[in-house]
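A look at the structure
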Amino acid sequence: MRSSGFRRTCTAAVVSALALTSLAACGSDDDGNDSAKGGKTKITVNCMPPKSAKIDRKSFEDDIATFEKANPDIDIVGQDAFPCQDPKTFDAKLAGGQMENVFYTYFTDASHVVDINQAADITQYVKDMKGYADIRQDLRDVYTVDGKVYGVPRTNYSMGLLYNKKLFKEAGLDPEKPPATWEEVQAAAKKIAGLGKGIVGYADYSAQNQGGWHFTAEMYSQGGDVVSADGKKSAVNTPEGKAVLQNLKDMRFRDNSMGSKQLLILNDVQQMMGSGKLGMYVSAPDNIPILVKEKGGNYEDLGLAPMPGGKGTLAGGDGYMFNKKDTPAQIKAGLKWLEFQTNTPGKGLNDWQRASQNKAPVGMPEPRLWSGATDEKDLALKKKYANVPVENYQAFLDGADSVKPKLEPAKAQQIYSVLDAAVSAVLTKKDADIDGLLKDADTKINGILARG
């Protein structure tokens with residue numbers, strides 16, 4: 001899965017699926033590989049905000065104008081899309097040679113794109129990209145395969161426990177001390193549900209692969225995994241896997257703290273939290289502005305803590321890769337653009353002054369992209385222009401260095417589909433057999449992994 005936000009400075013989100021029939025319009029521009037009119041190097045770049053996201057669109061267009069003025073020999077052609085990557089058309093665009101010169105990918109796509117020989121090796125060029133060496137090593141490693149670099153990270157995220165501070169206080173809980181273990185989550189959820197008035201203590205997804213996604217996040221928090229270290233065997237039929245399902249079953253049927261309505265998905269849970277009817281759920285930080293802007297929530301009421309258990313957290317992110325057809329001039333131009341647009345504090349996506357002026361949230365608890373001086377500069381700018389209650393997320397930030405981030409497994413969506421069944425069963429059937437569910441999931445996941 002992915003975090004639910006569009007961009008770091010997102011102020012609007014409008015779904016616009018790409019059609020296979022339009023692939024040719026979005027491809028790499030072979031006619032201008034090294035030069036276009038006026039001797040410029042022309043590159044196409046995707047993940048441009050759609051016209052419906054007016055503020056983000058204008059910011060992106062302004063960035064292109066600023067960049068081209070400083071680099072008159074480069075012509076940037078943006079391709080708009082939301083979501084930035086449509087899983088239904090991504091492989092088709094790759095296979096058809098229709099991908100942009102510089103194209104967006106999730107972290108989990110990197111090795112796949114390289115494996116099918118659709119990415120340019122940028123190793124010899126990226127060393128000249130200012131600030132690249134300051135990107136955290138673990139994030140750079142995502143786009144490094146067999147010692148060669150194929151992409152540049154743009155953003156990253158990790159999961160935590162999103163909670164309603166107002167309901168915590170009403171239930172007699174300390175809103176400044178969020179649950180640190182799953183046992184504490186259970187106890188807090190029961191107290192919050194005890195408020196009545198249709199309030200639910202804890203909610204979780206259990207449909208459309210989202211239940212499997214959260215099972216994985218909760219498995220990581222218990223110190224477990226869903227596949228073996230070599231990626232060849234299922235690892236769900238373990239004490240950690242049983243603990244995840246038992247915890248959900250207990251809250252649902254023993255404590256009645258999860259409400260009677262189940263088979264929930266992201267939007268359902270966000271609606272509950274935004275309307276003040278939910279105490280807690282597992283989430284990435286980018287849910288917070290969505291809850292406020294779209295679901296009726298209040299920044300002051302929303303807190304974020306590390307994943308309960310503290311043994312791990314599901315993490316992810318995105319970045320840009322380069323079309324294998326790109327010429328050296330296009331790769332160099334693309335890296336210059338990314339240097340400006342995604343990798344410099346105070347510019348492009350990281351222009352926090354502009355974001356604050358546009359009333360986009362500044363100061364959200366995003367995991368850090370950089371280390372060293374670049375990180376310090378970015379943090380200082382965020383602090384200067386912050387317009388959200390950053391103290392509400394301090395617990396999450398404090399735990400960032402101690403909770404180990406882990407990426408999604410290979411073949412994640414297929415695995416999540418299997419795990420959906422297990423999660424939905426324990427949330428809808430009082431007599432659900434946890435051991436049997438895990439054994440069945442184990443067999444099916446092994447089958448998925450065996451198919452290569």
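Residues numbered from 1 in each chain as written. Predicted model: local features only at pLDDT ≥ 70, side-chain atom pairs only at ≥ 80, totals over all residues. Heavy atoms only, no water.

Quick notes on the side chain of Ser283
This is how the line gets drawn: Counting from the N terminus, the helices are DSSP H or I runs at least four residues long and the strands are E runs at least two residues long. Three exposure classes are used, based on accessible area relative to the maximum for each residue type with a 1.4 Å probe and protein chains only: buried under 20%, partly exposed in between, and exposed over 50%. A 3.5 Å cut-off defines polar contacts: any pair of N or O atoms within that distance qualifies, except that in protein one atom must be a possible hydrogen donor and the other a possible acceptor, and neighbouring residues in sequence count only when both atoms are side-chain atoms.
Assignment of secondary structure puts Ser283 in strand 9 (residues 278-283). Relative accessible area serves as the criterion here: at 2%, Ser283 is assigned to the buried category. For Ser283, the side chain forms a polar contact with the side chain of Asn287, separated by 3.4 Å.

Re the packing of aromatic side chains
Aromatic ring pairs are defined here through the distance separating the ring centres and the angle between the ring planes. Formally: Each Phe, Tyr or Trp ring, with Trp reduced to its six-membered ring, pairs with another whose centre is within 6.5 Å; inter-plane angles below 30 degrees give stacked pairs, above 60 give edge-to-face pairs, and intermediate values give tilted ones. Distance and angle both matter: a charge sits over a ring if NZ of Lys or CZ of Arg is within 6 Å of the ring centre and within 35 degrees of the ring normal.
Here the structure, examined in full by the defined rule, presents 10 aromatic pairs. When the centroid spacing of 6.0 Å and the interplanar angle of 35° are considered together, the rings of Trp337 and Phe340 count as tilted. Taken together, the residues Trp337 and Phe340, both in helix 12 (residues 328-341) and 3 residues apart, mark about one turn of the helix. Comparing Trp337 with Phe340 shows no difference in burial state: the two are buried. Joined through ring pairs, the aromatic side chains of Phe60, Phe67, Trp337 and Phe340 make up one cluster. The aromatic ring of Phe253 is capped on one face by Arg252, whose charged end is 4.4 Å from the ring centroid. Above the plane of the ring of Tyr220 lies Lys406, whose end atom (NZ or CZ) is 4.6 Å from the centre.

Digging into the pairing of strand 9
We count it as follows: Any two strands between which DSSP finds at least two bridges are classified as paired.
With respect to burial, strand 9 is a largely interior element, 6 of its 6 residues being buried. In terms of strand pairing, strand 8 (residues 200-202) meets strand 9 through 2 bridges, oriented parallel. Paired with Val200 across the two strands is Leu278, which belongs to strand 9.

A word on the confidence of the model for the chain
The criterion, for reference: pLDDT runs from 0 to 100 and stands for how confident the predictor is about each residue. Contacts are assigned to residue pairs with any non-hydrogen atoms lying within 4.5 Å of each other.
Mean pLDDT for the chain: 91, with 92% of residues reaching 70 or above. Between residues 4-36, whose pLDDT stays under 50, and residues either more than four places distant or in other chains, the model counts 99 contacts.

Re unusual backbone geometry
The phi torsion at Asp146 lies on the positive side, around 50°, for a residue other than glycine. Here Asp146 lies in the loop between strand 4 (144-145) and strand 5 (148-149). With a relative accessible area of 79%, Asp146 lands in the exposed category. Of note in the backbone geometry, Asn256 takes a positive phi value of approximately 55° without being a glycine. Note on placement: Asn256 falls in the loop between helix 9 (239-254) and helix 10 (266-274).

Overview of the environment of Leu94
Mapped onto the secondary structure, Leu94 falls in helix 2 (residues 87-95). Residues Leu94 and Val113, 19 residues apart in the sequence, show an inter-C-alpha distance of 8.1 Å. Non-local contacts of Leu94, meaning those with residues more than four positions away in its chain, are made with Met99, Phe103, Val113, Ile116 and Gln118.

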